[in-house]
Structures are given as structure tokens and as C-alpha cells.
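Secondary and tertiary structure notes
The residues making up each chain are set out below.
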Amino acid sequence: MRSVEWHDGVLRLIDQRRLPHEMVILECETPEAVAEAIRTMAVRGAPAIGAAAAFGMALAALRSPASDRAALLRDLEAAARLLKASRPTAVNLFWAVDRMLRRAADEGLEDPQAVREALVAEAIRIAEEDVETNRRMGQYGATLIRDGDTILHHCNTGALATVDYGTALGVIRTAHEQGKRIHVLVDETRPRLQGARLTAWELLQLGIPFTVIADGAAGYFMRKGKVNIVLVGADRIAANGDVANKVGTYTLAVLAREHGIPFYVVAPTSTIDPNTPNGDAIPIEERDEREVLEIEGVPIAPRGARAANPAFDVTPARYITGIITEKGILYPPFDLHIRRALGLEQEDLRDVVALRGL
Ligand SMILES: CSC[C@@H](O)[C@@H](O)C(=O)COP(=O)(O)O
């Protein structure tokens, strides 16, 4: 099955809090259950969160007792607020929920039943588009990978790539399928160990050679000349190209610059937020300190120790070689190329005309 799958009016998720080979399936029948799955990271990774939230909206429509359109739209607004409050950083969540709200508000849908059917179809479309988008990013990104390359990868960008390809993992998978002999250095990704738990499993399934390393070992391998390219995903890309991704990404980008190693971000255009001007404006999720102080419930610090746990960090655009999207690879100047990729250039030209008073 796929990591996010719609089955007879129920959202089925492969629970990513467990080891993937255990294949524990979580069934969500209400928007509340979907919001909880996102908050607790049973479903995680920016595009998967977006797809799950879209199904959360479809469930809200199906479960709403509303008999008229206005009442149904009010229930959907409430579900949107609930889902948007589940995690703050990955913009795909907000993008998907807003897309569902726009679809629900479509003038052509006259009665509640038509809205319900349209929302289920739209959520399925979002999930299917995600798979297709990943394949396209994989094709573009694989052009950057040479036979014999060692790729450094952070966190888990598959969710789960064996079935859905993934973003950075999609590039790795495509290069492998093209017959390139590659090796992946897998950052374990403390504190939640998405690299060691999920990425390592996916690479095993795909038969791609890899080595798990402690996050702090990345500089060691770069300095030894063992890394040819760094590939990471993204949770939100600001209008100027600054990128929020799993904490530790910024460190890798600075190290890569020091060692002259290309640093690429792989993300669909739905991860770009043109309304966030730069990285300082991206909300960074702070998670429970127990994620740092414990591993699988076992304390690793003395009782009384306190921890800080930012789940993401921001990599300034100047450290990024390129952003691999489904529309092609964006290079600096990122602000201009992002606007072009999002089709916003026309409006900008109108703004310029307005500013000049024409
Ligand atoms: C397709 S994955 C891109 C990002 O979402 C990924 O790198 C990441 O940071 C995931 O964070 P997570 O906290 O596990 O949801």
C-alpha cells in the first residue's frame, strides 16, 4: 500500500512512529483523528502531511451532518482550523487545506452531496499528483547524479519512498534505477531518528547501498572527500529561496559550502510559500523536550536535565546550489526563478507598472 491511502471512506496511514517493517496501519475516520496523526507524526514529511490533511477535509465533509451548503462550508472551515493547528512548519499542510476549501467553495457545486463528492475526488487528486510530482523531481534530479557518487541525505524524504518515491529519496531511487552505482550516507537524524529508522529501511528495500552515520559525523566524511553531493527535502521554502527543513540541514549546508560540495534541495512547488518573504518569517515547530532526553522512552540524560527541541532549521538561500522541483531545477537568483515557477511573474509586472504610475 501507499503511505497515505484512501480506502472506502477511511484514510489509512502506515504509522511512521513504528519501524516500517512492522507495517502498523492507522485508520482515520474523522478530521480529528487525522489532525492527531499529523501532530504525533504517525504521518510526517511535508507532502504526505499535505495529502493526509486533504483527506482530513474530505472526512470532515463526509462526517458533517449539514443538510445545506452554507452549514457544510462552516463545518469545513472549522475542520480547516483544526488541521492547520496540527503542525506549523510544513506549508504543504496549509496549501492542501486551502486548496480543499477553494474546491468546496466552487460555485458549480450546488448541494452538500456534490461538495462531499468533489472533496473526496480532490483529495485523491492531491495524493496522486504527489506521486507524479515525485517522479518528475526524480527525473530532473537524477541528471545531477554521476555513476559512483556518494550522496549525503538528511532525515526521511520518502514517506515511504518504496511506494511513493519521495522527494530527495526519489532522486536517489531514480539514479539507482538508471543503473548508476551510488552510495548513500544516511544521517541518523536525531532526535526522532527518521534517517536510521525510515530512510535506512527504504534503501534496504530498494537495494541501494548505504551507511548510517551519526549527524555529527557529516563534516568528517566531507573533509575526507567522501561526499559528492548533498540532497535534502524541505518543509517550507520562502519567496527568497531560504529553506526550512529538518533540524541539522543548515549545518550540512554550511559544511558543504566549506568543502565545495553541491547542496540541493528537492521539493515540489507546493512547498514554496510565496507569502513568506524569507526564512526568518517561517514558524519553526518546537517539540517536546522528551524527544531529546529519551530514546524510545529510555532516558539518555540525567533526571532534571532540560532540553530544547526545534524540529526544523532555516538554511539561507546563499548556501543552496539549486532547488529541484517538478517544474525543473531552480538556480539563483531564487526569488526570480521561484516567481517564474509559480507563474507569478505577470502579477509582478503589473505591480511594476502600477509603481511607475502607468
Ligand atoms: C518529503 S520530506 C521533506 C521534509 O518534510 C523532511 O525533510 C522533513 O524535514 C520531515 O520532518 P518531519 O518532522 O519528520 O515531518
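Each remark here, short or long, concerns the structure printed above.
Presented here is an overview of the structure given in this document. Remember, predicted model here, so these are calculated numbers, not experimental data. (Residues numbered from 1 in each chain as written. Predicted model: local features only at pLDDT ≥ 70, side-chain atom pairs only at ≥ 80, totals over all residues. Heavy atoms only, no water.)

1. Details of the side chain of Glu285
Examined against the element boundaries, Glu285 turns out to sit in the loop between β11 (272-273) and α11 (290-293). What makes Glu285 buried here is its relative accessible area of 7%. Of note is the side chain of Glu285, whose polar atom sits 2.7 Å from the side chain of Arg287. The residues touching Glu285, leaving out its near neighbours within four places in the chain, are Arg87, Pro88, Thr89, Asn309, Pro310, Ala311 and Phe312. (Helix = DSSP H or I, 4+ residues; strand = E, 2+ residues; numbered from the N terminus. Buried < 20%, exposed > 50% of the residue type's maximum accessible area, 1.4 Å probe, protein only. Polar contact = N/O pair within 3.5 Å; in protein donor to acceptor, adjacent residues only side chain to side chain. Contact = heavy atoms within 4.5 Å.)

2. A few points about the site of the ligand
Not every one of the 17 residues close to the ligand is listed here, only the nearest: Arg44, Ala46, Asp235, Asn245 and Lys246. Between the ligand and Gly45, the relevant distance is 3.0 Å, taken from an oxygen atom to a main-chain nitrogen or oxygen of the residue. Asn245 is positioned with one of its side-chain polar atoms (N or O) 2.7 Å from an oxygen atom of the ligand. The cavity that encloses the ligand is the largest cavity. Broken down by secondary-structure element, the contributors of at least two residues to the shell around the ligand are α2 (46-63) and β9 (243-246). Shared between two domains, the shell around the ligand holds at least three residues of each, these being domain 1 (4-135) and domain 2 (146-349). (Near = heavy atom within 4 Å. 1 Å grid on protein atoms, 1.4 Å probe; cavity = no way out; pocket = protein on both sides within 12 Å on 5 of 7 lines; lining within 4 Å. Sits in = over half its atoms within 2 Å of the grid points. Domains from an automatic or database assignment.)

3. Topic: the pattern of salt bridges
Across all of its chains, the model carries 20 salt bridges by this definition. Ionic pairing is found between Arg17 and Asp15, a salt bridge with its closest N-O pair at 2.7 Å. A residue is classified by how much of its surface remains accessible, and Arg17, at 35% relative accessible area, is partly exposed. Arg290 is the partner of Asp288 in a salt bridge, and the nearest nitrogen-oxygen pair spans 2.8 Å. Among the ionic contacts, a cluster of salt bridges with common partners joins Arg99, Arg103, Asp106, Glu122, Arg125 and Glu129. (Salt bridge = Lys/Arg side-chain N within 4 Å of Asp/Glu carboxyl O.)

4. Side note on helix α3 (residues 69-84)
The end-to-end C-alpha distance of α3, which contains 16 residues, comes to 22 Å, matching closely the 22 Å that a straight helix rising 1.5 Å per residue would cover. For α3, every residue scored as buried is listed here: Ala71, Leu72, Leu76, Ala79, Ala80 and Leu83. Its buried side turned inward, α3 meets α1 (31-39), α2, α4 (91-104) and α5 (112-142). For α3, the N-terminal capping position is held by Asp68, with its side-chain oxygen 3.2 Å away from the main-chain nitrogen of Ala70. (Expected span 1.5 Å × (residues − 1).)

5. Overview of the layout of surface pockets
Reported here for the largest pocket is a volume of approximately 460 Å³. Forming the boundary of the largest pocket are 23 residues, of which Trp95, Arg99, Thr269, Ser270 and Glu326 lie nearest the centre. Put simply, the parts of the chain that give the lining of the largest pocket at least two residues each are α2, α4, α5 and β11. No other element matches the six residues that α5 contributes to the lining of the largest pocket. Split into classes, the residues belonging to the lining of the largest pocket amount to 10 nonpolar, six polar and seven charged. A volume near 340 Å³ is recorded for the second largest pocket. In this structure, the second largest pocket is lined by Arg17, Pro191, Arg192, Leu193, Arg197, Asp288, Arg290, Glu291, Glu294, Ile295, Glu296 and Gly297. Among the residues making up the lining of the second largest pocket, the classes are represented as three nonpolar, one polar and eight charged. (Points joined across faces, edges and corners; volume = space filled by probe spheres on them. Nonpolar A, V, L, I, M, F, W, Y, C, P; charged D, E, K, R; others polar.)

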